[in-house]
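So the chains spell out like this:
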Amino acid sequence: MPLLNILRFPDPRLHKIAKPVTVFDQRLKTLVANMAETMYEAPGVGLAATQVDVHERLIVIDTSETHDALQVFINPEIVWSSEERHVYEEGCLSVPGVYDGVERPSRVKVRALDIEGRPFEVDAEGLLAVCIQHEMDHLMGKVFVEYLSPLKRNRIKQRMLKEEREERRHAQKTAAAR
């Protein structure tokens, strides 16, 4: 299965709002498998379809230590969240190397569909709750750095743009040397 290209902040495609999945077919199963492989290889614990430039309401998550507990959430919706909130240190595959505290509800109940289109619900807390909320933000066109101050967000944006320029320059040099 091919690894997918993960969009990097501040790519404007990360701000597209995902549309609901309506067809549960082989294309969807292949997308889920490719997203899971991409997430594991990155390495990460969650990936939203938006991050791989597919604007459908689909997320994959695996918060296990052994990377053998893949969870797929199609058309997820939070149906309940706790009043209790915690600040968690978050990172993102679309913002590599950046980590910062984001305050979110400590627990959530999520309703979604599985890969076959069957409904299910999950009560989540801790890392799983954070991950679900973080990935669902992507489906709404929001990246975690948008929770940070404008100053921090701008610094991160400038850093990401600089890294992208340097990577492009390096790739050009490598291609020219061949």
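Structure's up top.
Quick caveat: nothing in here was measured; it's all calculated off a predicted structure.

### Remarks on the overall build of the chain
A count of helices and strands for the chain gives three helices and seven strands. Along the chain direction, N to C, the helices and strands of the chain fall in the order α-β-β-β-β-β-β-β-α-α. Against the compact-globule benchmark of 16 Å for 178 residues, the chain has a radius of gyration of 17 Å, which places it among compact chains. Each principal axis of the C-alpha atoms in the chain carries an extent, and together these give about 55 × 40 × 30 Å. The buried share among the 178 residues of the chain stands at 43%. Intrachain contacts of the chain at a sequence separation of at least 6 include 65% that bridge at least 24 residues. Total accessible area on the chain is roughly 9900 Å²; 51% of this is exposed by carbon and sulfur atoms. Separation of charge centres in the chain, based on 25 positive and 28 negative side chains, amounts to 9 Å.

### Some details on the packing of aromatic side chains
Scanning the model with the defined rule gives one aromatic pair in all. Where Phe 73 meets Phe 120, the ring centres are 5.6 Å apart and the plane angle is 45°; that geometry is what we call tilted. On the criterion of sequence distance, the pair formed by Phe 73 in strand S3 (residues 71-81) and Phe 120 in strand S7 (residues 119-125) is long-range, its members being 47 residues apart. A cation over an aromatic ring shows up here: Lys 142 above the ring of Tyr 147, its NZ or CZ 4.0 Å from the ring centre.

### A look at the pattern of salt bridges
Applying the stated rule across the entire model yields 16 salt bridges. Between Glu 167 and Arg 8 there is a salt bridge, with the nearest N and O atoms lying 2.9 Å from each other. Note that Glu 167 is positioned in helix H3 (residues 150-177) and Arg 8 in the segment before helix H1 (26-41), a separation of 159 residues in sequence. Here the residues in one salt-bridge network are Arg 8, Arg 159, Glu 163 and Glu 167, joined through shared partners.

### Digging into the pairing of strand S2 (residues 58-61)
Side-chain alternation along S2 places Leu 58 and Val 60 on one buried face and Ile 59 and Ile 61 on a second face that is also buried. Bridge analysis of strand S1 (residues 46-48) against S2 gives three bridges, and the strand direction is antiparallel. Bridge pairing in S2 links Ala 48 to Ile 59. Pairing between S2 and S3: four bridges, direction antiparallel.

About the cut-offs
- Residues numbered from 1 in each chain as written.
- Predicted model: local features only at pLDDT ≥ 70, side-chain atom pairs only at ≥ 80, totals over all residues.
- Heavy atoms only, no water.
- Helix = DSSP H or I, 4+ residues; strand = E, 2+ residues; numbered from the N terminus.
- Rg over C-alpha atoms; globule rule 2.2 N^0.38 Å.
- Buried < 20%, exposed > 50% of the residue type's maximum accessible area, 1.4 Å probe, protein only.
- Contact = heavy atoms within 4.5 Å.
- Areas by Shrake-Rupley, 256 points an atom, 1.4 Å probe, with all protein chains shown as cover.
- Lys, Arg positive; Asp, Glu negative; His and termini not counted.
- Charge placed at Lys NZ, Arg CZ, Asp CG, Glu CD.
- Phe/Tyr/Trp six-rings, centres within 6.5 Å; stacked < 30°, edge-to-face > 60°.
- Lys NZ or Arg CZ within 6 Å of the ring centre and 35° of its normal.
- Salt bridge = Lys/Arg side-chain N within 4 Å of Asp/Glu carboxyl O.
- Pairing = 2+ DSSP bridges.

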